[in-house]
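# Breakdown of the fold
What follows is each chain in one-letter form.
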Amino acid sequence: MGPHPAVAAIRLAVRRVLHDILNTLPTSGERPDRLAERLPSPLGSVLVAPPESPLVLVACSSGADSMALASALAFEAPRLGLRAGGITVDHGLQPGSDLRADEVALRMRDLGLDPVESVSVDVGRDGGPEAAARDARYAALDAALDRHGAAAVLLGHTRDDQAETVLLGLARGSGIRSLSGMAAVSGAGGRYRRPFLHLDRQTARKACMVQSLPVWDDPHNTDPAYTRSRLRHEGLPALEKALGKGVVEALARTAQLSRDDADALDSWASQAEASVRDAAGLLECAKLYALPPAVRRRILRRAAIEAGAPAGSLFARHIEEVDRLITGWRGQGAINLPGRVVAQRQGGRLVIRQG
């Protein structure tokens, strides 16, 4: 008899991502598939890939999503000739969080993951508590990837998380890129992979239950002080009550469609940018005016970032103000942008530079 359907689903999702990772690795000799050996562990014998094999990490908080992901990675990686490791990040935001992180690390080792790390971070205040914690977490994951020379780190975001992200983007009104949610592959060199974006949260929880995997539910996930928590426990249920079941699936589908559209527009803008610059590299307002607004604004945003405007602080309203220098020119003065960047119109050219 094969594994429970929920377990089979998470393993298949992880297997597909691991195949993708293998296909992106440089080929240097024969891949060590099927060379894993069985070693004893507290949960029974486990397959372990050779020490020279490429390493894939899992970010684990001991929640159902990441525990299901860790178990699937531990099962699938050695069968493909890959080593599987894990990292847990202690944000230090709750009493006893260090002990909790040590316990998570122990659970990952019990699954057969190696190496396993527990990393403590200092969470700042920029952008609010959720954004600050996310920034600190990804900085720790980036450092762990580089430290271990890992090929990638797997993240346990599910279809439900994707739906929440789309709604948060819709509330910000930041355009189609905000509606595209989380990418299945992101980060420098595709270092972050999200295998579960097409699986719902209940599948991951069911997989943990049938495998008797201990799960810890972070109290922050039910704390109404956090925007995502309110959306998860109040907003989405209200939408499903008003619109019927299937809202989560529809939002996740919207994310993928929006990402495809945004990628296409980004590509168009990249190709069009050279054609709207003069010999000195300055942007020509007449040529910019002739472009579709979605393409033109992408060029303007990229120019502002290249001039030194922080991408995370550059909002749609900033780009709209710069765009009016082209589409609504009435002799207005310079536009001040984040990062002390200034945009102004001079002799039919758009000049964007540090002020």
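Before reading further, recall that the structure is shown in the block above.
Predicted model only: the values in this text are computed from it and were never measured.

Here the focus is the sheet that holds strand S8 (residues 192–193). Neighbouring strands of a sheet are bound in pairs by backbone hydrogen bonds; such pairs are parallel or else antiparallel. Strand order in the open sheet made by the six strands is S5-S4-S3-S6-S8-S7, with mixed pairing throughout. Every other strand in the sheet has two partners, leaving strand S5 (116–120) and strand S7 (185–186) as the edge strands with one partner each. Set on the sheet, helix H3 (residues 97–110) makes contact with strand S3 (55–59), strand S4 (83–90) and S5; between it and S4 the angle comes to about 170°. Across the sheet, helix H4 (residues 129–148) is in contact with S3, S4, S5, strand S6 (152–154) and S8; its angle to S4 comes to roughly 145°.

Next up on the list: the pattern of salt bridges. For the structure on display, the rule yields 25 salt bridges. Here Asp266 and Arg177 are joined by a salt bridge, their closest N and O atoms 2.4 Å apart. A residue pair is termed long-range when its members are at least 10 positions apart, and Asp266 in helix H9 (residues 247–273) and Arg177 in helix H6 (residues 176–179) qualify at 89 residues. Relative accessible area serves as the criterion here: at 26%, Asp266 is assigned to the partly exposed category.

Considering all chains together, one arrives at one aromatic pair under this definition. On the numbers, 5.1 Å between centres and 90° between planes, the contact of Tyr138 with Tyr192 is edge-to-face. Separated by 54 residues along the polypeptide, Tyr138 in helix H4 and Tyr192 in strand S8 bring together distant segments of the chain. The same class applies to Tyr138 and to Tyr192, which are both buried. The lysine or arginine in question, Arg11, covers the ring of Phe75, its NZ or CZ lying 3.6 Å from the ring centre.

Considering the arrangement of structural elements, one finds Arg228 in helix H8 (residues 227–243). At 3.1 Å, the side chain of Arg228 and the side chain of Glu164 are in polar contact. Side-chain polar atoms of Arg228 contact the side chain of Thr165, separated by 3.1 Å.

Taking 1.5 Å of rise per residue, 27 residues should cover 39 Å, and H9 covers 38 Å from first to last C-alpha, within 8% of that figure. Among all positions of H9, only Val247, Val248, Leu251, Ala252, Ala255, Ser258, Arg259, Ala262, Leu265, Ala269, Ala272 and Glu273 are buried.

On to the side chain of Glu284. By secondary structure assignment, the location of Glu284 is in strand S9 (residues 283–284). The buried category is assigned to Glu284, whose relative accessible area is 15%. Ignoring any residue separated from it by four or fewer positions in sequence, one finds Glu284 in contact with Val276, Arg277, Asp278, Gly348 and Arg349.

Inspection of the secondary structure puts Val121 in the loop between S5 and H4. With 15 residues separating them along the chain, Val121 and Ala136 place their C-alpha atoms 6.3 Å apart. Residue contacts for Val121: discarding those within four places in its chain leaves Val89, Asp90, His91, Ala136 and Ala140.

The rules behind the values
Residues numbered from 1 in each chain as written. Predicted model: local features only at pLDDT ≥ 70, side-chain atom pairs only at ≥ 80, totals over all residues. Heavy atoms only, no water. Pairing = 2+ DSSP bridges. Helix = DSSP H or I, 4+ residues; strand = E, 2+ residues; numbered from the N terminus. Contact = heavy atoms within 4.5 Å. Axes fitted to C-alpha atoms, helices over the stretch in contact; angles between N-to-C directions. Salt bridge = Lys/Arg side-chain N within 4 Å of Asp/Glu carboxyl O. Buried < 20%, exposed > 50% of the residue type's maximum accessible area, 1.4 Å probe, protein only. Phe/Tyr/Trp six-rings, centres within 6.5 Å; stacked < 30°, edge-to-face > 60°. Lys NZ or Arg CZ within 6 Å of the ring centre and 35° of its normal. Polar contact = N/O pair within 3.5 Å; in protein donor to acceptor, adjacent residues only side chain to side chain. Expected span 1.5 Å × (residues − 1).

The quantities given are spatial measurements derived from coordinates; they are silent on function.
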